Amino acid sequence: MKHIFKEGRSKDSPVLLLLHGTGGTEEDLIPLAQMIDPEAAVLSVRGNVSEQGMPRFFRRLREGVFDEEDLVFRTQELHEFLDEAASAYEFNRDQVVAVGYSNGANIAGSLMFHYEQSIKTAILFHPMVPRRGNDLPDLTQTRVFIGAGENDPICPAQETVDLKELLESAGADVTTHWERMGHQLTEAEVNKSAEWYESKL
């Protein structure tokens, strides 16, 4: 997968896995990494799917309706890539912290839905429930921050409520932060996630 890797202050530094939204690239969320933890390593990945020329992490059938078969395949692809990257760049796989926005947040959520211990810490900005009706793995070691919009037209507030309940039912520790700026990712939201990150790590 096309990506950028930047070493952290030390080999034991957390690794921020940056996952962009639809139409983004591996460059988009680099400034967020500086706001959240400037001493962390950074692994920023570009999605392998193209929707009318816009990079995404998995296909969708239409707005808000995921291609579940492709979602499962692409989730496995990203999961395996993380194992390969950890070996290649010699970082601790358990130190990966997913930071995703919109489509990127959804693939990060899907990692947690499908693979136990794949992601132990996640910052999800404006995610949806990746899949419904499947059994989640044990997430008792998992910590999640969700940034959401009360008036988000793309990711309805109920999606956040449902996602929080599903993650908590599997044992995850979930914190939500609400804004009223639609689907926009705000500086205040990122700052809140940085405060949460500092308190959890």
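Note that this is a predicted model, so its numbers are computed, not measured. (Residues numbered from 1 in each chain as written. Predicted model: local features only at pLDDT ≥ 70, side-chain atom pairs only at ≥ 80, totals over all residues. Heavy atoms only, no water.)

**Points about the pairing of strand β11 (residues 173-179)**
Successive residues of a regular strand alternate their side chains across the two faces of the sheet. Just so we agree on the cut-off: Whether two strands pair depends on DSSP finding at least two bridges between them. Only DSSP runs of H or I covering at least 4 residues are called helices, and only runs of E covering at least 2 are called strands; the numbering of each starts at the N terminus. Here is how to tell: hold the view so the strands point away, follow the path from the first strand over the helix to the second, and if it runs clockwise the crossover is right-handed.
Where strand β10 (residues 143-149) meets β11, seven bridges bridge the pair, whose relative direction is parallel. The residue of β11 that forms the bridge with V144 is V174. Running through helix α4 (residues 157-169), the crossover from β10 to the neighbouring parallel element β11 is right-handed.

**Thoughts on the sheet that holds β10**
Formally: Every axis in this analysis is a line fitted to C-alpha atoms, fitted for helices over the stretch in contact. Angles between the N-to-C directions lie between 0 and 180 degrees. Pairs of residues are marked as contacts when any of their non-hydrogen atoms sit within 4.5 Å.
Read from one edge of the open sheet, seven strands run β1-β3-β2-β8-β9-β10-β11, paired in mixed fashion. Either end of the sheet is taken by a strand with one partner, and the two such strands are β1 (3-6) and β11. Taken over all neighbouring pairs, the strand axes of this sheet differ in orientation by 10° on average, direction set aside. Where strand β8 (residues 96-101) and strand β9 (residues 121-125) come together, five bridges link them in parallel fashion. Following the sheet pairing, G100 is matched in β9 by L124. Those strands touched by α4 are β9, β10 and β11, and its axis lies near 170° from that of β11. Packing of helix α5 (residues 187-200) onto the sheet brings it into contact with β2 (15-19), β8, β9, β10 and β11, and relative to β10 it is tilted by some 165°.

**A few points about the packing of helix α2 (residues 68-89) against helix α3 (residues 103-114)**
Put simply, the test is: Geometric relationships in this document are graded by angle, where less than 35 degrees denotes roughly parallel, more than 145 denotes roughly antiparallel, 65 to 115 denotes roughly perpendicular, and other angles denote oblique. Charged means Asp, Glu, Lys or Arg here, nonpolar means Ala, Val, Leu, Ile, Met, Phe, Trp, Tyr, Cys or Pro, and polar covers whatever is left, Gly included.
Between α2 and α3, whose axes approach to 9 Å, the crossing angle comes to 85°. Taken together, the axes of α2 and α3 are roughly perpendicular relative to one another. Only I107, S110, L111 and H114 of α3 make contact with α2, whose side of the interface consists of L71, V72, R74, T75, L78, H79 and L82. Counted by class, the contact of α2 with α3 contains six nonpolar, four polar and one charged residues.

**Quick word on the side chain of S110**
Along the chain, S110 turns up in helix α3. Every residue in contact with S110, bar those within four places of it in the chain, is listed here: L71, T75 and P130.

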